[in-house]
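Given next are the chains, with one letter for each unit.
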Amino acid sequence: MTVDTQQKGDERVHWLPMIAAISSISVVGIAIGLGMPLLSVILETRGHSASMIGLNTAVAGLASIAGAPLATPLAMRLGVAWTMLLMIAAGALAFVGFHFAPAFWMWFPLRVALHISLTVLFILSEFWISTSAPPHRRGLVLGIYATVLSLGFAAGPWLFAHLGSSGFLPFGVTIALVTLAAIPVLAARNESPAIVADSETSHFLRYIWMVPTATFAVLVFGAVETGGFSLFPVYGNRIGYSEADAALLLTMIGLGNVLLQIPIGVISDRVSDRRYLLLACATVGLIGTVFMPFFAQNWHLMAALLFVWGGVVAAMYTIGLAHLGSQLSGHELASANAAFVLCYGVGMVIGPQAIGIGMDAFGPSGFGWSLALFFAAYMLLVLVRLVRKIL
């Protein structure tokens, strides 16, 4: 297997493709941040129930799982850059289709098409970034990627607040942003990695078990992020916070995510085995969930805790991706990226269910206990892997 960009020993940073991948996927992040609330509000104004809106939104997670296996075969056939451009075009067409689709059932295939396109984009952009960064800078580069992507997601709701949900304007702005995402990819197309499979190519799912400390890190992050964010307002209400105070605490989690990714990424570049840092992040995640009930009576203490907790837990994604890139290259790395994103989608599906069941069974404390269970299980996995290495 070969990849005609950086090899393991190449110390150069390939700036043009790295900037192309980061800027394009971040612009798409803005579009997602704007599009998700936009579509929900439109469905509500059309008279659809919350359960139906939730059902249509849940299709996104299933589409992500379905789209993950498509990334590597498409990139092998068309090339990384051209596949990304195709997915940008397909995603834009699917998104504008929501504006013109009169029947609710039409929104399901459109949602599937949109999120398959976005999933392939995420997989290939992360693969491209990993191949453009030398090993000693991979954590820093992926920290920049995570930071800019987080800013993109945060900018989307801000745009939605100013554009509203009426008429074609929010759709037009989103299409314009997605079109902008194609420009840097097109400019760097000649530096995109060419993936060539060898005769022993196996199904991408085997990479889940090949680098489990990376793939299960993102599964835990997907579960905690999706479940925690969706149910934190409910948790906050049950422990006595107003809706506004709970929303501000969510903002603190997001702020920690934005500000801590680059410093933690730099630290990961100085660690000989990133699994120790992943273990440390999971430990902070576990300790944070244990202390939440004790800090809940003081909003400022809770905000400080969630700032650190949110940034460190989010680093499980960044460090996991860097660890993946340090272990594999070429076709294997592309397939492993697909497995990585698949595990994130699985986490998105099981996280809200597990946390919701925990809160129904144990009340507000079930929120923290459910989160703690994810972290504890992951810590056990990493400890087993490290002990096996020593023995």
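What counts and how
- Residues numbered from 1 in each chain as written.
- Predicted model: local features only at pLDDT ≥ 70, side-chain atom pairs only at ≥ 80, totals over all residues.
- Heavy atoms only, no water.
- Helix = DSSP H or I, 4+ residues; strand = E, 2+ residues; numbered from the N terminus.
- Buried < 20%, exposed > 50% of the residue type's maximum accessible area, 1.4 Å probe, protein only.
- Contact = heavy atoms within 4.5 Å.
- Areas by Shrake-Rupley, 256 points an atom, 1.4 Å probe, with all protein chains shown as cover.
- Lys, Arg positive; Asp, Glu negative; His and termini not counted.
- Charge placed at Lys NZ, Arg CZ, Asp CG, Glu CD.
- pLDDT = per-residue confidence, 0-100.
- 1 Å grid on protein atoms, 1.4 Å probe; cavity = no way out; pocket = protein on both sides within 12 Å on 5 of 7 lines; lining within 4 Å.
- Points joined across faces, edges and corners; volume = space filled by probe spheres on them.
- Nonpolar A, V, L, I, M, F, W, Y, C, P; charged D, E, K, R; others polar.
- Salt bridge = Lys/Arg side-chain N within 4 Å of Asp/Glu carboxyl O.
- Core = buried A, V, L, I, M, F, W, Y, C linked by side-chain atoms within 4.5 Å.
- Patch = residues over 30% accessible without salt bridge, like charges linked within 9 Å, V, L, I, M, F, W, Y side chains within 5 Å.
- Axes fitted to C-alpha atoms, helices over the stretch in contact; angles between N-to-C directions.
- Parallel < 35°, antiparallel > 145°, perpendicular 65-115°, else oblique.
- Phe/Tyr/Trp six-rings, centres within 6.5 Å; stacked < 30°, edge-to-face > 60°.
- Lys NZ or Arg CZ within 6 Å of the ring centre and 35° of its normal.
- Left-handed = near helix turned anticlockwise from the far one by under 90°.

Undergrad: Before we go on, may I ask you to explain the overall build of the chain in this structure?
TA: The secondary structure content of the chain amounts to 14 helices and two strands. For the chain, the spread of C-alpha atoms along the three principal axes comes to 60 × 55 × 30 Å. In the chain, which comprises 391 residues, the proportion classed as buried is 53%. In the chain, the proportion of contacts linking residues at least 24 apart, taken out of those at least 6 apart, comes to 85%. Accessible surface, the chain: about 16,400 Å² in total, of which carbon and sulfur atoms supply 71%. Side-chain charges in the chain split into 16 positive and 15 negative, and the spacing between the mean points of these groups amounts to 4 Å.

Undergrad: Help me understand the confidence of the model for the chain, please; the structure alone is not making it clear to me.
TA: Do not read the predicted coordinates in detail wherever pLDDT is low. In the predicted model, the chain carries a mean pLDDT of 85, and 94% of its residues have values of at least 70. Confidence scores differ between elements of the chain, with strand E1 (residues 2-3) showing the lowest mean pLDDT of 38 and helix H11 (residues 274-295) the highest of 94. pLDDT under 50 marks residues 1-9. Its contacts with residues more than four places away, or in other chains, come to 36 contacts.

Undergrad: Got a minute to help me understand empty space enclosed by the protein in this structure?
TA: What the rule picks out here adds up to two cavities of 30 Å³ or more. As a volume, the largest cavity reaches approximately 120 Å³. Lining the largest cavity are 13 residues, and of these Ala31, Gly91, Leu114, Leu118 and Val178 lie nearest its centre. The set of elements that each furnish at least two residues to the lining of the largest cavity consists of helix H1 (15-45), helix H4 (80-100), helix H5 (107-132) and helix H7 (169-187). When its residues are assigned to classes, the lining of the largest cavity shows eleven nonpolar, two polar and no charged.

Undergrad: Would you explain the pattern of salt bridges in this entry?
TA: Two side chains bearing opposite charge may form a pair once their charged atoms approach each other closely. Using the criterion set out here, one finds three salt bridges in the structure. A salt bridge links glutamate 332 to arginine 206; the nearest nitrogen and oxygen atoms lie 3.7 Å apart. Placement of glutamate 332 in helix H13 (residues 330-362) and of arginine 206 in helix H8 (residues 206-210) is noted, with a sequence separation of 126 residues between them. Its relative accessible area of 18% is what places glutamate 332 among the buried residues. Where arginine 275 meets aspartate 273, a salt bridge forms, and the shortest distance between an N and an O atom there is 2.9 Å.

Undergrad: In this structure, what is going on with the nonpolar core? I would like to understand it.
TA: Core analysis: the biggest nonpolar cluster contains 121 residues, and Trp309, Phe367 and Phe375 have the highest contact counts within it. Residue contacts for phenylalanine 375: discarding those within four places in its chain leaves Val220, Val224, Ala282, Gly285, Leu286, Thr289, Trp309, Val313 and Met316.

Undergrad: I would appreciate a short explanation of a nonpolar patch on the surface in the present structure.
TA: Residues Leu78, Trp82, Leu86 and Leu186 make up a contiguous nonpolar surface patch of about 370 Å² in total accessible area. Mapped onto the elements of the fold, leucine 186 is located in helix H7.

Undergrad: Just checking my understanding: could you explain the packing of helix H9 (residues 212-238) against helix H14 (residues 365-390) for this structure?
TA: Packed helices, taken two at a time, are described by the angle between their axes plus the distance between the axes. Across the interface, H9 lies against H14 with an axial gap of 10 Å and an inter-helix angle of 170 degrees. With respect to their mutual orientation, H9 and H14 come out roughly antiparallel. Residues Pro212, Thr213, Phe216, Ala217, Val220, Ala223, Val224, Gly228, Leu231, Phe232 and Tyr235 of H9 form the contact with H14, whose own contacting residues are Phe367, Leu371, Phe374, Phe375, Tyr378, Leu381, Val382 and Arg385. In terms of residue class, the contact of H9 with H14 is made up of 16 nonpolar, two polar and one charged.

Undergrad: Please clarify how the packing of aromatic side chains should be interpreted in this entry.
TA: By convention here, two paired aromatic rings are described through the distance between centres and the angle between planes. Counted under the stated rule, the structure contains 17 aromatic pairs. Judged by centre distance (6.0 Å) and plane angle (65 degrees), the rings of phenylalanine 232 and phenylalanine 367 are edge-to-face. Here phenylalanine 232 is found in helix H9, whereas its partner phenylalanine 367 is found in helix H14, with 135 residues between them in sequence. For phenylalanine 232, a relative accessible area of 2% translates into the label buried. Classification of phenylalanine 367 as buried rests on a relative accessible area of 2%. Cation over ring: arginine 206 sits above tyrosine 207, and NZ or CZ is 4.6 Å from the ring centre.

Undergrad: In this structure, what is going on with the environment of valine 96? I would like to understand it.
TA: Within the fold, valine 96 resides in helix H4. C-alpha separation for the pair valine 96 and valine 341, spaced 245 residues apart in sequence, amounts to 25 Å.

Undergrad: Hey, could you run me through the packing of H1 against helix H6 (residues 138-163) in this one?
TA: Closest axis-to-axis distance for the H1/H6 pair is 7 Å, and the angle between their directions is 35 degrees. The way H1 lies across H6 gives a crossing that is right-handed. Its residues assigned to classes, the contact of H1 with H6 comprises 20 nonpolar, five polar and no charged.

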